[in-house]
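Listed below, chain by chain, are the residues.
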Amino acid sequence: MKELRKFDTKVQHLKYKVLREVAKQAWNNTLTENILDIPKIIVPGKIPTMRCCVYKERAIVAERVKLAMGGNRENPNIIEVIEIACDECPAAGYEVTDSCRGCLAHRCEDVCPRGAISFDHNHVAHIDKSKCVECGQCSRVCPYSAIVNRRRPCQNACKIKAISINEEHSASIDNEKCIACGACVYQCPFGAIMDKSYILSVIDILLACEREESCKAYAVVAPSVASQFKYAKLGQVISGLKKLGFHTVVEAALGADMVAYEEAGELAEKGFLTSSCCPAFVAYIKKSFPELIQHISHNPSPMTAISKYIKDNDENAKVVFIGPCTAKKAEIRLESVKPYVDAVITFEELQALFDSRDIDITKLDEDILDNASYFGRIFARSGGLADAVSQALKERGLDCFKLEACSCDGIEQCKAALTKKKLNRLNANFIEGMACEGGCIGGAGCLTHGDRDKSQVDRYGKETMERTICGAISALKQPDAVV
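Residues numbered from 1 in each chain as written. Predicted model: local features only at pLDDT ≥ 70, side-chain atom pairs only at ≥ 80, totals over all residues. Heavy atoms only, no water.

Chemist: Would you mind going over empty space enclosed by the protein with me for this structure?
Modeler: Taking a probe equal in size to a water molecule and rolling it over the atoms shows the remaining empty space. Tallying each qualifying case throughout the model produces 7 cavities of 30 Å³ or more. In this model, the largest cavity occupies a volume close to 310 Å³. Forming the boundary of the largest cavity are 25 residues, of which Cys 277, Cys 278, Cys 325, Lys 328 and Cys 440 lie nearest the centre. When residues of the lining of the largest cavity are traced back to their parent elements, those giving at least two are α11 (252–270), α12 (279–288), α13 (302–313) and α14 (327–331). Here the lining of the largest cavity is composed, by residue class, of 21 nonpolar, 3 polar and 1 charged. Space inside the second largest cavity adds up to approximately 130 Å³. Lining of the second largest cavity is provided by 16 residues; of these, Cys 100, Cys 103, Cys 108, Ala 125 and Cys 142 occupy positions nearest its centre. (1 Å grid on protein atoms, 1.4 Å probe; cavity = no way out; pocket = protein on both sides within 12 Å on 5 of 7 lines; lining within 4 Å. Points joined across faces, edges and corners; volume = space filled by probe spheres on them. Helix = DSSP H or I, 4+ residues; strand = E, 2+ residues; numbered from the N terminus. Nonpolar A, V, L, I, M, F, W, Y, C, P; charged D, E, K, R; others polar.)

The structure is reproduced here in structure tokens:
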């Protein structure tokens, strides 16, 4: 139960147990010979299961193991559906509830374009699912609101409508629409949707650097770490990373300082920008608003910016990004990012790595993580990027440019802002887009999602020694810089 308290849900805990076991076998170089035993370890025969039988539960765990090892190589999406686990939700679609009064008007029947509605001897309506096209017209005209749309949790979570239900009644992801934000991963109550894991790649990197003296593994940690691992202190998390084998731990917030500085100059020059920091937001523009691609900032994400700096200054560096974001796993596949970031794992996966090596971070001394400015650190919450760009404009002497920022908290707000820009009705010159509600602190790969208090991030920002963006960037030139 102590393990479970580290997570929001039992689904997360099950996912973690699979990741931990796969990692444990990988460290010991026994994964190949023991892979078939992992489902039995996770689901022993003596415990009750939520499925029909222990054998189906183990079959689902076997699919989770595959995703923990990288998933389907033929599927370009980092989000995948475990079809065998996606069978417990009721069939989605429009249904007639007990509120139907059997009225004489029969408006629902009149508006149905496919003749899908019939009535029993009590005049109560029924919908023939084989004819229904889910247009929703019957629901709109019912005077008793007796016809409702039973949408699955994954469909409700996906605000860009990339999820549909296939003929086998399983969720199906449209890769042409999906932005890999991971909202469906967290919201699926049966854990039937998961993100592929790079945890084996990280272990390979750490083992290689353990063997080769010249190899150095760098952990680039997202600033939203301030809202995670609440059972320990941040300094203990940093010590835990070094105990895992990372040579140096660097704040992604330092990359955020670099991006804010450059983005301020680009904005002043061009007069209008959309941010480039959230890969899910950038993917959304490219897929759903292609006419606005020209306005995306040409700056890389903070992850890419600091990773490039590390690789430029250490040719033997291996860089692993650790954060709350599933979309980062998609970002590192981009040709512009591939050379700089070797792997991405989430905070969930980091917890599994700690425990796979029996590292209790609560018993470690505190190490220091202090590279970035306050403004770089507050990138973790919605509105933080706009605040940082405003500060960078001042520090660069460009405060004659009046920043009119539109900070979008979640993909629905992003859609609204982009639509207004497309129609030339947006009263702003900068769109800060965050696909997750709350910003990065609401990312799908967080250990806990319930507390999205922005004050935590601000408090973490105020703890830094560097008070300005320029100060943080200048510190990189000092002899004791991060590389």
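Chemist: What is the right way to read the sheet that holds strand β11 (residues 273–274) from this model?
Modeler: In sheet architecture, strand pairing relies on hydrogen bonds along the backbone and comes in two forms, parallel and antiparallel. Spatial strand order, β11-β15-β14: 3 strands in an open sheet with parallel pairing. Bordering the open sheet on either side are β11 and β14 (405–409), each of which pairs with just one other strand. Inspection of the sheet shows β11 paired to strand β15 (residues 430–434) by 2 bridges, in the parallel sense. When the sheet's bridge partners are listed, Thr 274 is paired in β15 with Ile 431. (Pairing = 2+ DSSP bridges.)

Chemist: Looking at this structure, I do not really get the nonpolar core. What am I missing?
Modeler: Buried together is how nonpolar side chains tend to be arranged in soluble globular proteins. Membership of the largest hydrophobic core comes to 102 residues, with the highest contact counts inside it found for Leu 241 and Leu 244. Sorting elements by how many residues they give to this core places α11 first, with 9 residues. What Leu 244 contacts, discounting residues up to four positions off in sequence, is Trp 27, Leu 206, Leu 350, Leu 353, Phe 354, Arg 357 and Ile 359. Leu 67, Val 282, Tyr 284 and Leu 292 belong to the second-largest nonpolar core, a separate cluster that totals 46 residues. (Core = buried A, V, L, I, M, F, W, Y, C linked by side-chain atoms within 4.5 Å. Buried < 20%, exposed > 50% of the residue type's maximum accessible area, 1.4 Å probe, protein only. Contact = heavy atoms within 4.5 Å.)

Chemist: Sorry if this is basic, but what is going on with the sheet that holds strand β13 (residues 343–346) here?
Modeler: Spatial strand order, β10-β9-β12-β13: 4 strands in an open sheet with parallel pairing. Only two strands of the sheet have a single partner each, and these edge strands are β10 (248–251) and β13. Pairs of neighbouring strands in the sheet enclose a mean axial angle of 25 degrees, with direction left out of account. Pairing of strand β9 (residues 216–221) with β10 involves 4 bridges; the strand directions are parallel. Its bridge partner being in β10, Ala 219 is matched across the sheet by Val 249. Lying over the sheet, α11 contacts β9, β10 and β12 (317–323), oriented at roughly 40 degrees with respect to β10. (Axes fitted to C-alpha atoms, helices over the stretch in contact; angles between N-to-C directions.)

Chemist: What is the right way to look at the packing of helix α1 (residues 10–27) against helix α4 (residues 54–68) in this model?
Modeler: When two helices pack together, their arrangement is given by the angle between their axes and by how far apart the axes lie. Where α1 meets α4, the axes come as close as 9 Å, and the angle between the chain directions of the two elements is 60 degrees. If you check the angle between α1 and α4, you find them oblique. Here α1 and α4 pass one another in a crossing that is right-handed. Facing α1, whose interface residues are Leu 14, Val 18, Leu 19 and Val 22, α4 presents Val 61, Arg 64, Val 65 and Ala 68. Residues that form the contact of α1 with α4 fall into these classes: 7 nonpolar, no polar and 1 charged. (Parallel < 35°, antiparallel > 145°, perpendicular 65-115°, else oblique. Left-handed = near helix turned anticlockwise from the far one by under 90°.)

Chemist: Would you explain the pairing of β10 in this entry?
Modeler: Residues Thr 248 and Val 250 point to one face of β10 and Val 249 and Glu 251 to the other, with burial holding for every one of them. Regarding topology, helix α10 (residues 234–244) serves as the crossover connection from β9 to the parallel β10, and that connection is right-handed. (Right-handed = clockwise from strand over helix to strand, strands pointing away.)

Chemist: It is not clear to me how the layout of surface pockets should be interpreted in this structure. Could you clarify?
Modeler: Looking at the largest pocket, its volume works out to about 840 Å³. Top element by residues in the lining of the largest pocket is α12. It accounts for 6 residues. A class-by-class count of the residues in the lining of the largest pocket yields 20 nonpolar, 9 polar and 7 charged.

Chemist: Explain the pattern of salt bridges to me, please; I cannot follow it from the model alone.
Modeler: Close approach of charged atoms allows side chains with opposite charge to pair. The tally for this structure, following the rule as stated, stands at 21 salt bridges. With its nearest N and O atoms 3.6 Å apart, the salt bridge here joins Lys 6 to Asp 355. Note that Lys 6 is positioned in the segment before α1 and Asp 355 in helix α15 (residues 347–356), a separation of 349 residues in sequence. As far as the burial class goes, Lys 6 and Asp 355 line up, both buried. When the shortest N-O distance is used, the salt bridge between Asp 312 and Lys 308 registers 2.8 Å. Taken as a pair, Asp 312 and Lys 308 lie in helix α13 at a separation of 4 residues, close to a single helical turn. The class for Lys 308 is partly exposed, based on a relative accessible area of 36%. Each of the salt bridges in this network shares a partner with another, and the network as a whole consists of Lys 15, Asp 195, Lys 329, Glu 348 and Glu 349. (Salt bridge = Lys/Arg side-chain N within 4 Å of Asp/Glu carboxyl O.)

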